[in-house]
Each structure stands twice: as C-alpha cells, then as structure tokens.
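Reading the structure
Take a look at the letters that make up each chain.
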Amino acid sequence: MTLKEIAKLTGTSVSTVSRVLNHPEHRCNNSELAQKIWETAAEHHYIPNSTARNLRLGLSRSTEPYIVDILLTRFDSLDKDAFFLELFQHIKEELISEGCLLGDIIRSVDVLNLMHPLGKGGNLPQQSPVNNLAKITIKKNTGLIILGKCQSNMIPILRRRYSCIAGIDRNPTNYQYDEVICNGTTAAEKAMEYLISLGHKNIAYIGDCTYEARYIGYYQALLNHKLPLNHANIHPTNQTQEEGFHTMLSILSGTHLPTAIFCANDSTALGVLQAWKKHKKKGYLPSIISIDNIHASQHTSPMLTTIHIPKREMSHLALTLLLDRKNKHHEENIRLELPCRLIERESCSYLYE
C-alpha cells in the first residue's frame, strides 16, 4: 500500500496523506478526513516511513510491527470529544516513535457485537454468554488502548480478544487492566477548591453524573466546606459543546443564577461560554472553570480557566505499559496516576458581594 493509493481511496492529495501519516504532530484541519486516512492505512497495513526504514535496516525488535487498536468508549467518533482527539494525536506520535502500527478504531458497540453478533433478521443469538465468549478469538500481534471509561460487561470480551490492554481515563477501574489515569475526583476537587477560594458558594455542575469521578469530586468539595448540595444546580449532560450551550441557556432562563459554574470538561465549557456571550444578562458574570486544558481552551473569550490533564505523558505511558506487558516484563495489572494542575486564566474572578 502506497501513499498514492491511500490518497485515491480517501479522495485527497498525496501530500495531505503524507502529512497525516508520517508527521503525527501535524493537525489536519479536517479531523474526519484524518481519521479516514488512518483507518484506511490500518485496513491496508500501511507502514509509516520511519517504521519501514527501521525494518529495512533491521532495527525493529521483530520482523512484524506491533499493531495497536484504539477503543472509543464514550463516543463513536473522535470528533465528538476534543480531549480524546488530542490523546489520539499523541498516541499516533508514540506509535511511530516505537515502530508500531495503528490498527482499528473501534467503538463500544463493536465490542458488544463480538459477544452478541446479530443473527438472521437482526435478532440476537440464543447461545449463552459463556458460549459466546468462548467463540471470541484473540487478535494476534495486536494490543488495545482504551480511551475513556469502559463498561464492566465489556472487559471479559476485551481480555478474550487482546492479550495486552492499557487504558487512559480520569476514572480508575478496580485494577482490571493496565491503566494510566489522572484522577477525575482530584481534578474536580482542585477546580472546586479554587472557586470556593474566590468566595463562591453557589456553584453549578454541568456534566455526567453516572458513577462519574468528577461529579464525586464536586460533591466531596461541597461536603468538605459544609456547603449544601442544591439539586437545582446539578445539570446532567453527555459533556458535549452542544449540550453545554443548551444547558447554559436553561440556566440563564432561571431566576436563581449560580455565581460559578464547574463544567466536567472543556468541551462543555466552550458551549457554556458561547451561550453566555450570545445571551448575556446584564450584570451577570459567572466564574467558569472546567477540566482538560484542550487547545481550544486557550482561544476562548474570556480565556478559559481549567485543570490541566497531561495528555502527552498519559499517551506515552499507556503505550509503554502495553509494550512492557507484550514483552512479558510484568504480569500484575498496573495503575499509573499522574497529577493535574490548575491553569488560571480569565474566566474566573473573586466574588464581591
């Protein structure tokens, strides 16, 4: 498979394909096109220039490059979550650095279909889950990196399919596979502590509330400061920019406005800021803080105060754990936890009453 052939299959230029595949630090303006290029390259087993060169020189540790699949747990596309899209960019850099190949980009539904493949007429099969699990075959010379919180019912399927698994998330598992985390509870508490230090007590939460570490951190911070939990301030969402926008419109339509808003991720905060600017209420200037420190958070107006999650380091360590297990250097499941830090910008201010 050549760059020219991939360009033809994806309907773009050879130079664009080359930039995407051979220069992982390059950020394509069209993320859907970039994902299509990577998926096409993986499907046809394209080897990036650096990996091919190492193979020709005999520098690779094996005659066949190691393949790494990526599982998206929260969304079906990287376009829907900027945090995981940036993680994916860093993973690509690490794969090329280690002479590995990007494999399939799969979704939760693809994993569940391994257990329950649809039969004739779209009906689920009659076999028991145990029998179905036994029929799942392992993918040879392929590891898996999980992006996000993995449903517990999928883990036995994944362990049957992949001998090496590493996860990247803000929610730790119960040591069910190797994982690199930046604890969402800690990040949320850090965000809340900052808002409370500025004098805020009436703080809204926008984000996932289902077994979510960041929601736990929000609630824990209120308890630590003996502040009541006001259920009117809790706004469950799927943590997208669009839902952040509509949630902020709902907040603005109310009469008891929070003085501060904690968003579970930057994408939500981008929507919140957009709605606030478009439908301003005279004299209402809430402090807004979130988690992730994605690139877009530096270009908002006002600039977004956020909690930095070390995405590059998490990507590097996830692949390191994957390759370490592949080479049989460890057997027990390992959890590596990285620290988060506050990025003070313009979207938060002292509350003057």
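Read on for a plain summary of the structure. (Residues numbered from 1 in each chain as written. Predicted model: local features only at pLDDT ≥ 70, side-chain atom pairs only at ≥ 80, totals over all residues. Heavy atoms only, no water.)

**Details of the overall build of the protein chain**
For clarity, the cut-off: Helix and strand definitions here come from DSSP, where helices need a minimum of 4 consecutive H or I residues and strands a minimum of 2 consecutive E residues; each element is numbered from the N-terminal end. The buried label applies to any residue whose accessible area, calculated with a 1.4 Å probe on protein chains only, is under 20% of its type's maximum; exposed applies above 50%, and partly exposed to all values in between. We call two residues in contact when some of their heavy atoms are within 4.5 Å. Note on areas: these come from Shrake-Rupley sampling with a 1.4 Å probe, and a residue is covered only by the protein chains present in the view.
When its secondary structure is counted, the protein chain shows 13 helices and 12 strands. Counting all 353 residues of the protein chain, 52% fall into the buried class. Taking all contacts inside the protein chain whose residues are at least 6 apart in sequence as the whole, residues at least 24 apart take part in 72%. Within the structure as shown, the protein chain displays about 17,300 Å² of accessible surface, and the carbon and sulfur contribution to it stands at 51%.

**What about the sheet that holds strand β5 (residues 178-181)?**
For clarity, the threshold we go by: A strand pair is defined by DSSP finding two or more bridges across the two strands. Angles run from 0 to 180 degrees between N-to-C directions of axes, and those axes are lines fitted to C-alpha atoms, restricted for helices to the stretch in contact.
A sheet is described by the order of its strands in space; here six strands give the open sequence β2-β1-β3-β4-β5-β11, paired in parallel fashion. Both edges of this open sheet fall to β2 (101-107) and β11 (335-337), since each of them pairs with a single strand only. Within this sheet the neighbouring strands show an average axis-to-axis angle of 20 degrees, counted without direction. Here strand β1 (residues 67-72) pairs with β2 via five bridges, running parallel. Note that in β2 the partner of Ile70 across the bridge is Ile105. Along the sheet face, helix α13 (residues 311-326) touches β1, β3 (142-147), β4 (165-169), β5 and β11 and points at about 170 degrees away from the line of β5.

**Description of the pairing of strand β10 (residues 305-308)**
In this structure, strand β9 (residues 287-292) lies alongside β10, joined through four bridges in parallel fashion. Of the residues in β10, the one forming a bridge with Ile291 is Ile307. Bridging between β10 and strand β12 (residues 341-343) involves three bridges; their strand directions are antiparallel. Its bridge partner being in β12, Thr306 is matched across the sheet by Ile343.

**Structural notes on the environment of Lys4**
Mapped onto the elements of the fold, Lys4 is located in helix α1 (residues 3-10). Exposure remark for Lys4: the relative accessible area of 64% places this residue in the exposed category.

**Some thoughts on helix α6 (residues 108-115)**
Short version of the rule: Throughout, the arc means the angular range of directions from the helix axis out to the C-beta atoms.
Every buried residue of α6 is accounted for by Ser108, Val111 and Met115. Down the axis of α6, the sector holding all buried residues measures 65 degrees, keeping them to one side.

**Digging into the pattern of salt bridges**
Formally: Each salt bridge in this description consists of a side-chain nitrogen of Lys or Arg and a carboxyl oxygen of Asp or Glu lying within 4 Å of one another.
Tallied over the full model, the rule gives 13 salt bridges. One salt bridge in this structure joins Glu212 and Arg74, with 3.7 Å as the shortest N-O distance. With Glu212 in the loop between β6 (203-207) and α10 (213-224) and Arg74 in the loop between β1 and α5 (82-97), this residue pair connects regions lying 138 residues apart in the sequence. Measuring nitrogen to oxygen at the nearest pair gives 3.0 Å for the salt bridge that ties Asp104 to Lys139. With Asp104 in strand β2 and Lys139 in the loop between α7 (129-134) and β3, this pair connects stretches of sequence that are 35 residues apart.

**Some thoughts on the sheet that holds β10**
Spatial ordering of the open sheet is given by β7-β6-β8-β9-β10-β12, a layout of six strands whose pairing is mixed. With one partner strand each, in any of the chains shown, β7 (234-236) and β12 form the two edges of the open sheet. Ignoring strand direction, the axes of neighbouring strands in this sheet form an average angle of 20 degrees. Strands in contact with helix α9 (residues 184-197) are β6, β8 (260-263), β9, β10 and β12; relative to β9, the strand with the most contacts, it is inclined by about 160 degrees.

**What about unusual backbone geometry?**
A cis geometry characterises the amide bond from Ser301 onward to Pro302, with omega recorded as 0 degrees. With phi around 135 degrees, Asp292 is a residue other than glycine that occupies positive phi space. Along the chain, Asp292 turns up in strand β9.

**Quick look at the packing of aromatic side chains**
Convention followed: Working definition: a ring pair exists when centres of Phe, Tyr or Trp rings (six-membered ring for Trp) sit within 6.5 Å. Plane angles under 30 degrees give stacked, over 60 give edge-to-face, the rest tilted. Here, a charge over a ring means that NZ of Lys or CZ of Arg falls within 6 Å of the ring centre while also lying within 35 degrees of the ring normal.
This model, assessed by the stated rule, comprises five aromatic pairs. Each ring, one from Tyr205 and one from Tyr215, has its centre 5.2 Å from the other, and the planes form 50 degrees; the classification is tilted. With Tyr205 in strand β6 and Tyr215 in helix α10, this pair connects stretches of sequence that are 10 residues apart. An identical accessibility class is assigned to Tyr205 and Tyr215; each is buried. For the ring pair Tyr205 and Tyr218, a centre distance of 5.3 Å and an interplane angle of 35 degrees mean the geometry is tilted. Taken as a pair, Tyr205 in strand β6 and Tyr218 in helix α10 lie far apart in primary sequence, 13 residues in all. Here the two residues Tyr205 and Tyr218 agree in accessibility, since each one is buried. Within the aromatic cluster, the residues linked to one another by ring pairs are Tyr205, Tyr215, Tyr218 and Phe262. Geometry around Phe83 places Arg170 over its ring, the cationic atom sitting 4.0 Å from the centre.

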